[in-house]
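Given next are the chains, with one letter for each unit.
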Amino acid sequence: LNFESGWALGYWVNNAAQALAAWRRGAGLTPSELFRELLAPLGDRGFELAQVLVELAELQNRTLVQDVFLSPTGARMTLVGYLQGWEGMAEAQEAWQFAVVQPSRVHPRDLMDHSDWYLGTLAPRLRALREAAYPLAERCHVLREEADAEFGGAAAAAILIRDACVGVELFALRAQQVDGVCAAASGAAPERGLARSAMSIDDA
């Protein structure tokens, strides 16, 4: 039973990866080998996309899952609590501790009260994530332009590459946005909260 929610390309990757793993029945299949085999029909573009997706997965796993740090009150958290979207119900659940399902975070409006923690704990992590995600987005921007030129914009191969690459670029923009919002909210760098992104996604 597969539960699927979110990015459409993710559905395909999950299903194709499970089918490939079941077919191969090998315990030594690495993420790199898996992506390369899945995207092999795309030729050199598929090989480059496979590399980007593996690097993105490793980056997200390392920064959003494995890197656990403490809030000013001693609560355990990761960066996923900052990159995800939040809305009123989630904030109410967090405040009154009922049916909490969202990872915890320090709300941007509270960062100024915890400036030392922000500068020493959160800011370096957000900056590192932003700086690591940006080159992947740049590679994807070039890759989808090359795919459109090689396959034609309406071809299935170009659409698949564009879908994957736009997701990578949006993740990089989200990391940049959250870094800027937190910097502005903390009072550490208010101008960054108003700065326009240096990256453009013209067909997202």
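Refer to the preceding data block for the structure.
Summarised in this report is the structure supplied together with it. (Residues numbered from 1 in each chain as written. Predicted model: local features only at pLDDT ≥ 70, side-chain atom pairs only at ≥ 80, totals over all residues. Heavy atoms only, no water.)

With that settled, consider the overall build of the protein. Across its full length, the protein holds seven helices and two strands. Tracing the protein from N to C terminus, the helices and strands come up as α-α-α-β-β-α-α-α-α. The proportion of buried residues among the 204 residues of the protein is 37%. For the protein, the proportion of contacts with a sequence separation of at least 24, taken over those separated by at least 6, is 58%. (Helix = DSSP H or I, 4+ residues; strand = E, 2+ residues; numbered from the N terminus. Buried < 20%, exposed > 50% of the residue type's maximum accessible area, 1.4 Å probe, protein only. Contact = heavy atoms within 4.5 Å.)

We now examine the layout of surface pockets. What the second largest pocket holds in volume is close to 350 Å³. Taken together, 16 residues line the second largest pocket, and the ones lying closest to its centre are Glu94, Arg105, Val106, His107 and Asp110. Sorting elements by how many residues they give to the lining of the second largest pocket places helix α5 (residues 88–96) first, with three residues. Of the residues that constitute the lining of the second largest pocket, the class distribution is six nonpolar, five polar and five charged. (1 Å grid on protein atoms, 1.4 Å probe; cavity = no way out; pocket = protein on both sides within 12 Å on 5 of 7 lines; lining within 4 Å. Points joined across faces, edges and corners; volume = space filled by probe spheres on them. Nonpolar A, V, L, I, M, F, W, Y, C, P; charged D, E, K, R; others polar.)

Helix-helix packing: each pair is described by the crossing angle between the helix axes and the interaxial distance. Where helix α6 (residues 115–151) meets helix α7 (residues 156–186), the closest approach of the two axes is 7 Å, and the angle between their N-to-C directions is 155 degrees. Taken together, α6 and α7 sit at an angle that is classed as roughly antiparallel. When the axes of α6 and α7 are compared, the crossing they make is left-handed. (Axes fitted to C-alpha atoms, helices over the stretch in contact; angles between N-to-C directions. Parallel < 35°, antiparallel > 145°, perpendicular 65-115°, else oblique. Left-handed = near helix turned anticlockwise from the far one by under 90°.)

Here the focus is unusual backbone geometry. Although it is not a glycine, Gln97 adopts a positive phi angle of roughly 55 degrees. Along the chain, Gln97 falls in the loop between α5 and α6. Classification of Gln97 by relative accessible area gives exposed; the value is 57%.

Right, let's talk about the environment of Val100 for a bit. Along the chain, the position of Val100 falls in the loop between α5 and α6. Judged by relative accessible area, which is 37%, Val100 ranks as partly exposed. Each C-alpha atom, one on Val100 and one on Ala90, is 7.3 Å from the other, the two residues being 10 residues apart in sequence. Sequence-distant contacts of Val100, defined by excluding residues within four places in its chain, comprise Gln93 and Glu94.

Bringing the nonpolar core into the picture now. In terms of nonpolar packing, the biggest core is built from 42 residues, with Tyr82, Trp117 and Leu122 touching the most fellow members. Of all the elements in the fold, those that place two or more residues in this core are α3 (44–66), α4 (80–83), α6 and α7. Take this core: its biggest share by element is 12 residues, from α6. Not counting residues up to four positions away in its chain, the partners in contact with Tyr82 are Phe69, Met77, Arg105, Val106, Trp117, Leu122, Arg174, Val178 and Cys182. By size, the runner-up hydrophobic cluster in this structure holds five residues, among which are Ala16, Ala17, Leu34 and Leu38. (Core = buried A, V, L, I, M, F, W, Y, C linked by side-chain atoms within 4.5 Å.)

With that out of the way, let us pick up a nonpolar patch on the surface. A cluster of nonpolar side chains, Met89, Trp96 and Phe98, forms an exposed patch at the surface whose accessible area comes to about 390 Å². Classification of Phe98 as partly exposed rests on a relative accessible area of 40%. (Patch = residues over 30% accessible without salt bridge, like charges linked within 9 Å, V, L, I, M, F, W, Y side chains within 5 Å. Areas by Shrake-Rupley, 256 points an atom, 1.4 Å probe, with all protein chains shown as cover. Salt bridge = Lys/Arg side-chain N within 4 Å of Asp/Glu carboxyl O.)

The next subject is the environment of Leu136. Topologically, Leu136 is positioned in helix α6. If we ignore the near neighbours within four places in the chain, the residues touching Leu136 are Val52, Glu55, Leu56, Leu59 and Val168.

Now for the pattern of salt bridges. As enumerated under the stated definition, the model contains eight salt bridges in all. A salt bridge links Glu48 to Arg139, with the shortest nitrogen-to-oxygen separation between them at 3.1 Å. Of the two residues, Glu48 sits in helix α3 while Arg139 sits in helix α6, which places them 91 residues apart along the sequence. Glu48 gets classed as partly exposed once you look at its relative accessible area, which sits at 24%. Given the relative accessible area of 26%, Arg139 is considered partly exposed. Close ionic contact of Asp148 with Arg162 constitutes a salt bridge, the shortest N to O distance being 2.9 Å. Of this pair, Asp148 sits in helix α6 while Arg162 sits in helix α7; the two residues are 14 residues apart in sequence, bridging distant segments of the chain. Judged by its relative accessible area of 26%, Asp148 falls in the partly exposed class. Each member of the salt-bridge network shares a partner with another, and the members are Arg45, Glu146 and Glu150.

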